[in-house]
Amino acid sequence: MRIGELARRTGVSGRSLRYYEKQGLMTAERTPGGHREYGEGAVDRVIRIQELFAAGLCSEKIAQLLPCMRDSDGGPSRTANGQLVSDLTVERERIDHMIADLLRSREVLDEVIEAASAPSE
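Everything numeric here is computed off the predicted structure, so don't read it as measured data.

(A) Spotlight on the UniProt feature "domain: HTH merR-type" (unreviewed entry) in the chain. Taken from the UniProt record, the annotation "domain: HTH merR-type" (unreviewed entry) applies to residues 1–68. With 56% helix and 6% strand, residues 1–68 has end C-alpha atoms that lie 25 Å from one another.

Take a look at the structure:
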């Protein structure tokens, strides 16, 4: 399928798809005219990439993880090893720290809002 069709089926812009290719997250064959041609599995690959971005991973980390994951369901591929679980655990801990920081920030903001809302004497 061409890039426009892949973009339509995944809801991801053509620009993003070209970026994914440039970052080594996916590949495309080229027609004799130079147009990108993607296989049917590209839909699952793009969805997997989007999920990993949504989880807060950067493209470099995603490029390291993708060979260890099946595109169809996100499970481990035959090339997966203990490093996959270790890397994902580190990413989860990083996200947990970010959540804790955000919760503390919200608590401070709530205190400021409460103080600002109190009637002045």
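(B) Summary view of the packing of aromatic side chains. According to the stated counting rule, one finds two aromatic pairs in the structure shown. Relative to Tyr20, the ring of Tyr19 lies with its centre 6.4 Å away and its plane at 65°, an arrangement referred to as edge-to-face. With relative accessibility at 37%, the residue Tyr19 sits in the partly exposed group. Taking relative accessible area as the criterion, Tyr20 reaches 4% and is therefore assigned buried. Here the aromatic cluster, defined as three or more aromatic residues joined through ring pairs, consists of Tyr19, Tyr20 and Phe53.

(C) The arrangement of the domain arrangement of the chain in detail. Partitioning the chain into domains gives domain 1 (1–78) and domain 2 (80–121). Relative placement of domain 1 and domain 2: their C-alpha centres are 30 Å apart. Domain 1 puts 10 residues into the contact, and the matching count from domain 2 is seven residues. Summing both partners gives a buried area of about 720 Å² for domain 1 against domain 2, and 65% of it is carried by carbon and sulfur. Linking domain 1 to domain 2 there are zero salt bridges. Looking at the side of domain 1 that touches domain 2, its residues break down into six nonpolar, two polar and two charged.

(D) Just the side chain of Glu21, in detail. Its place among the elements puts Glu21 in helix α2 (residues 14–22). Of note is the side chain of Glu21, whose polar atom sits 2.6 Å from the side chain of Arg36.

(E) Looking closely at the pattern of salt bridges. Inspection of every chain in the model, using the stated rule, returns eight salt bridges. With a closest N to O distance of 2.8 Å, Glu5 and Arg8 form a salt bridge. On the criterion of helical spacing, the pair formed by Glu5 and Arg8 is a turn pair, its members being three residues apart in helix α1 (residues 3–10). Accessibility expressed as a relative area gives 60% for Arg8, which makes it exposed. A salt bridge links Asp101 to Arg104, with the shortest nitrogen-to-oxygen separation between them at 2.2 Å. In this pair, Asp101 and Arg104 both sit in helix α5 (residues 82–117), three residues apart, roughly one turn of the helix. Connected through salt bridges with shared partners, the residues Glu21, Arg30 and Arg36 form a single ionic network.

Rules used throughout
Residues numbered from 1 in each chain as written. Predicted model: local features only at pLDDT ≥ 70, side-chain atom pairs only at ≥ 80, totals over all residues. Heavy atoms only, no water. UniProt positions renumbered as here; feature names shortened; annotations may be inferred. Helix = DSSP H or I, 4+ residues; strand = E, 2+ residues; numbered from the N terminus. Phe/Tyr/Trp six-rings, centres within 6.5 Å; stacked < 30°, edge-to-face > 60°. Buried < 20%, exposed > 50% of the residue type's maximum accessible area, 1.4 Å probe, protein only. Domains from an automatic or database assignment. Contact = heavy atoms within 4.5 Å. Buried area = accessible area lost by both parts, 1.4 Å probe. Salt bridge = Lys/Arg side-chain N within 4 Å of Asp/Glu carboxyl O. Nonpolar A, V, L, I, M, F, W, Y, C, P; charged D, E, K, R; others polar. Polar contact = N/O pair within 3.5 Å; in protein donor to acceptor, adjacent residues only side chain to side chain.

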